[in-house]
Amino acid sequence: MTENYIQYAGGYQKDNIDERDIVQAISDIQLVDDEHGAFWVSVITDDENVIEVNKDLSLFVIFEGQQTQYQAKDWNEVKELYKLLLMEKFDVIAEIVK
């Protein structure tokens with residue numbers, strides 16, 4: 001099984017997450033102040049693959065040490081990107097955020 005985790009800017013962290021954790025994080029981020037309005041998910045394969053989202057829907061996507069910035073349209077798009085991340089569809093995500 002691939003290692004993964006979620007971490008909130010406010011300090012909360014959980015290992016071995018699934019889609020329910022993503023849905024909860026999206027709900028939580030919309031309620032917090034801007035200072036703590038971010039969370040990220042990491043899927044560790046040969047590299048650490050990360051998507052970080054901020055309350056304003058801006059994302060930082062880091063695959064194979066390369067960082068890309070992306071502005072999501074809405075929270076549904078964010079949810080779909082995280083779902084792809086958990087399924088290790090890194091190439092699909094890379095195409096979307098390029």
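See the structure shown above.
Parameters at a glance
Residues numbered from 1 in each chain as written. Predicted model: local features only at pLDDT ≥ 70, side-chain atom pairs only at ≥ 80, totals over all residues. Heavy atoms only, no water. Salt bridge = Lys/Arg side-chain N within 4 Å of Asp/Glu carboxyl O. Helix = DSSP H or I, 4+ residues; strand = E, 2+ residues; numbered from the N terminus. Buried < 20%, exposed > 50% of the residue type's maximum accessible area, 1.4 Å probe, protein only. Contact = heavy atoms within 4.5 Å. Polar contact = N/O pair within 3.5 Å; in protein donor to acceptor, adjacent residues only side chain to side chain. Core = buried A, V, L, I, M, F, W, Y, C linked by side-chain atoms within 4.5 Å. Pairing = 2+ DSSP bridges. Axes fitted to C-alpha atoms, helices over the stretch in contact; angles between N-to-C directions.

J.: Explanation requested: the pattern of salt bridges in the structure shown.
T.: Under the defined criterion, the tally for this structure stands at 6 salt bridges. Between E19 and K79 there is a salt bridge, and its shortest N-O distance comes to 3.8 Å. Within this pair, whereas E19 is found in helix 1 (residues 19–29), its partner K79 is found in helix 2 (residues 75–86), the two being separated by 60 residues in sequence. Two residues, K83 and E80, come together in a salt bridge whose shortest N-O distance is 3.7 Å. With K83 and E80 both in helix 2 and 3 residues apart, this pair spans about one turn of that helix. A relative accessible area of 28% places K83 in the partly exposed class.

J.: Hey, could you run me through the environment of Q71 in this one?
T.: Within the secondary structure, Q71 is located in strand 6 (residues 66–71). Separated by 33 residues in the primary sequence, Q71 and A38 have C-alpha atoms spaced 14 Å apart. Apart from the residues within four sequence positions on either side, Q71 is in contact with D56, L57 and S58. Within polar-contact distance, the side chain of Q71 engages the backbone oxygen of D56 at 2.8 Å.

J.: Explain the nonpolar core to me, please; I cannot follow it from the model alone.
T.: In summary, soluble globular proteins display a tendency toward joint burial of nonpolar side chains. Counting 27 residues, the largest nonpolar core has F39, Y82, L85 and I93 as its most contacted members. Listed by contribution, the elements that provide at least two residues to this core are strand 1 (3–8), helix 1, strand 3 (38–44), strand 4 (48–54), strand 5 (58–63), helix 2 and helix 3 (90–97). Broken down by element, the residue count for this core peaks at 6 residues, all from helix 2. For F39, the residues in contact, after removing those within four places along its chain, are I6, Q7, Y8, A25, I26, I29, I51, E52, V53 and Y82.

J.: How should I be thinking about the sheet that holds strand 5 in this particular structure?
T.: Strand-to-strand pairing in sheets goes through backbone hydrogen bonds, with the strands running parallel or antiparallel. Reading across from one edge, 2-1-3-4-5-6 is the order of the 6 strands in this open sheet, with antiparallel pairing throughout. The sheet terminates laterally at strand 2 (13–15) and strand 6, the two strands that pair on one side only. Each neighbouring strand pair of the sheet contributes to a mean axis angle of 15 degrees, computed without reference to strand direction. One ladder, built from 3 bridges, connects strand 1 with strand 2; its direction is antiparallel. Looking at the pairing, Q7 lines up with Q13 of strand 2.

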